[in-house]
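Letter by letter, the chains look like this.
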Amino acid sequence: MTTTTQVALSNTFNEFREAYNDAANVINSLNDLTGAVAVNAVTANTYLRLATLTSGRVPIVTTDGAITDDSGLTFAANTNTLTSGNLVVSGTSTLTGAATFSAAVTHSSTTQLTGNTTFGSGANNAVYYPANGSLILTSSANSAGTGRLESRHVHADWHVGAGGNVEAWATSKGDNEDTHKIFAVANTNGPIDILVVNESNGANAYGEFIAIHATGNTADGWVSMGVNSSNYAEGAFGITKADDAYVLYSAPANTALSGDLVIGTSSNGTGNKIIFSANGFNDPANNQQMVIHPGQKVAVSINTQSSNTTTGALVVNGGIGLQGNLNVGGNVAITGTITLGGGGNTVSTSSLSVDNPIVFLGANNAADTFDLGIVGEFTASGRKYAGLVRDASDSGIFKLFSNNSSRPANTVNFSDANVSYGTLLLGNVLANSGTASTSNTTGALIVTGGIGLTGAINGSGPIRTTNTTTSTSTTTGALIVDGGVGIAGTMNVGGNSEFTGAVTITGPLRVQELVEDVVDVTQSGNAVTLNYTLGNIFYETGTYSANYTVNITNVPTVNGRATVITYIDIQGSTGFRPATLNVNGSAVTIKYSGGTTPTPTSSAGKVDIFTFTLLFRGSAFECFASSALNF
């Protein structure tokens, strides 16, 4: 053994330290050592420096006592970080910085990693934990727990397992553990699960399980199951809303295959149903919404009734194709067309309501040998039939018949001894044939019996009755009209005419004799009221004590129209005249002929006649008056 030129080594380290204290107890180099050097004690003021060791590496003592740092473990004192190499932990270990493991790591107890941790790839770089060990990865040392795996990201190129020696478990079950990349095995009388939590409540936040096609790129296909945040509003997946859960699948872009999402059961069970439940988990009688019974039926348990095409237990926006029978226990409302294929089809129903405006009949009646119409059945001294039918054997006349004894098939037996023609109640009747009438058996409308009308009659041709009954009142005569009669042309009357209501004539009126009614009125104090709806000639026999007020009511207010009112006043011993005029409640100035106000007769029993011509122009009345006195 060769020593330094300063001193000669003694047999013990203490002798060496004492001999060379003035050299700060530093051994600068050890060369040509062929045997072991034993160091029994090192004090606080002494240290041993080996120049062959690399700064920052963790030294390892081999089985022969040698010190080496070629294991690959590196320790950074400023961050307290173990960065690489093989690591065997037999007790609790805490790593607070980033660590990279490129070889196998075996844990028999708990390891807490609070920084980023990367494990190498390959079966020999697996991380193994026996039953009494655990690995905790967390962003904060204060959030670490025992026996749990927590991290922002976990990457594994081989297997991730929890719950014991999962490899031995899978092997004992005869399964191929290589196909199961994530194991979770437990034996407990309670639930176990895999939990995914996204603590963000942002508009783009959601937590999900996802499987991606071989390329690892979501554009090449994926399937996911997850739940959205309470504020979720991501437009790209607007099919889901905030707080929705979902199962979604996107096939690879440009795939030539169908890209189906399959939900199914095997045949191992006794039922193998697919059950859809909603609105709770513990009340199957009310929360089981739909059940698929394999090879039997799809049963919808919801009992919501349908009132239109958007309500009911099952709402389908498109069409429904059925190969078999259709049985409906409730009402059927159809807004489209019903087409029955084949021949001899019969539709039997207790009631029928059709929204389509046209019911088409006789599609195969090209030779016009079938009657067309609607026939119903009723009971009256036996089974009878009634309907509205076009009679193909009688020039296509439509007939409203009743009391037929035989049920029609393709034609109606109108020769039936009991057949009769029913009563028809209509709002309007439009006869558009244009056939002229020359008798009571010809024309566009022929009525064998009488016609009762409660409204007006308008005809573009002559209206004639051959009845010769004389009219002596408003309820007698050949023509009796309860309402008014409007005549746009000339009216010629061969006999006497009496009108009890208003008559409006827009053309010249030619009469041989005109008779008008006189309405008796009674004054009230020094005022009298003349109601135009009762007539326009008024006779009053009372006695006034002064010049009086005339109130004329209900006068037509048509611009450009003049209304004439005649007032006959029987005077007392002192005569008085109209001094004030009110028309329809408004005061109107009386303008007498020549501008001279008449002087009434002062002799009892004499008659004075005052005539008021009321002209309505510019929405106001003017009164032009005249008088005839002392009759």
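Rules behind the numbers
Residues numbered from 1 in each chain as written. Predicted model: local features only at pLDDT ≥ 70, side-chain atom pairs only at ≥ 80, totals over all residues. Heavy atoms only, no water. Core = buried A, V, L, I, M, F, W, Y, C linked by side-chain atoms within 4.5 Å. Buried < 20%, exposed > 50% of the residue type's maximum accessible area, 1.4 Å probe, protein only. Helix = DSSP H or I, 4+ residues; strand = E, 2+ residues; numbered from the N terminus. Contact = heavy atoms within 4.5 Å. pLDDT = per-residue confidence, 0-100. Pairing = 2+ DSSP bridges. Axes fitted to C-alpha atoms, helices over the stretch in contact; angles between N-to-C directions. Phe/Tyr/Trp six-rings, centres within 6.5 Å; stacked < 30°, edge-to-face > 60°. Salt bridge = Lys/Arg side-chain N within 4 Å of Asp/Glu carboxyl O.

Here the focus is the nonpolar core. Leu-530, Ile-552, Tyr-567, Leu-581, Phe-612 and Leu-614 are the most contacted members of the largest nonpolar core, which has 25 residues in total. Contributions of two or more residues to this core are made by β25 (519-521), β26 (527-531), β28 (548-553), β29 (561-570), β30 (578-583), β32 (590-592), β33 (607-617) and β34 (620-628). Among the elements that make up this core, the one with the highest residue count is β33 (four residues). Apart from the residues within four sequence positions on either side, Phe-612 is in contact with Thr-563, Val-564, Ile-565, Tyr-567, Pro-578, Ile-590, Cys-623, Phe-624 and Ala-625. Val-389, Val-412, Phe-414 and Val-419 belong to the second largest nonpolar core, which has five residues in total.

Predicted confidence across the protein gives a mean pLDDT of 78, with 73% of residues reaching 70 or more. Confidence over residues 1-11 falls short of pLDDT 50; this stretch has 15 contacts with residues more than four positions distant or in other chains. Overall, residues 22-33 carries pLDDT values under 50, and its contacts beyond four positions in sequence, including any with other chains, amount to 13 contacts.

One open sheet accounts for six strands, arranged β25-β27-β29-β33-β34-β32; its pairing is mixed. Whereas interior strands pair on both sides, the edge strands pair on one side only; in this sheet they are β25 and β32. Neighbour to neighbour, the strand axes of the sheet diverge by 30° on average, direction disregarded. Judged from the three bridges that link them, β25 and strand β27 (residues 537-540) form a sheet pairing that is parallel. Its bridge partner lying in β27, Asp-520 is registered against Tyr-539.

Before going further, it helps to spend a moment on the packing of aromatic side chains. Here the structure, examined in full by the defined rule, presents seven aromatic pairs. Plain terms: the ring middles of Tyr-544 and Tyr-548 are 3.7 Å apart, the flat faces sit at 15° to each other, and that makes the pair stacked. Residue classification places Tyr-544 among the buried positions, given a relative accessible area of 5%. We classify Tyr-548 as buried; its relative accessible area is 1%.

This model, assessed by the stated rule, comprises six salt bridges. In this structure, Asp-391 and Lys-399 form a salt bridge, with 2.8 Å as the shortest nitrogen-oxygen distance. Each member of the pair, Asp-391 as well as Lys-399, is classed as buried. Across the pair Glu-622 and Lys-591 runs a salt bridge, and its minimum N-O distance is 3.2 Å. Taken as a pair, Glu-622 in strand β34 and Lys-591 in strand β32 lie far apart in primary sequence, 31 residues in all. Judged by relative accessible area, Glu-622 falls into the partly exposed class, the value being 31%. What makes Lys-591 partly exposed here is its relative accessible area of 40%.

Ordered by their spatial adjacency, three strands build an open sheet running β18-β19-β20, and the pairing between neighbours is antiparallel. A strand with exactly one partner marks an edge of an open sheet, and here the two such strands are β18 (274-277) and β20 (297-300). Sheet twist, expressed as the average angle between the axes of neighbouring strands with direction ignored, equals 10°. The pairing of β18 with strand β19 (residues 288-293) spans four bridges and is classified as antiparallel.

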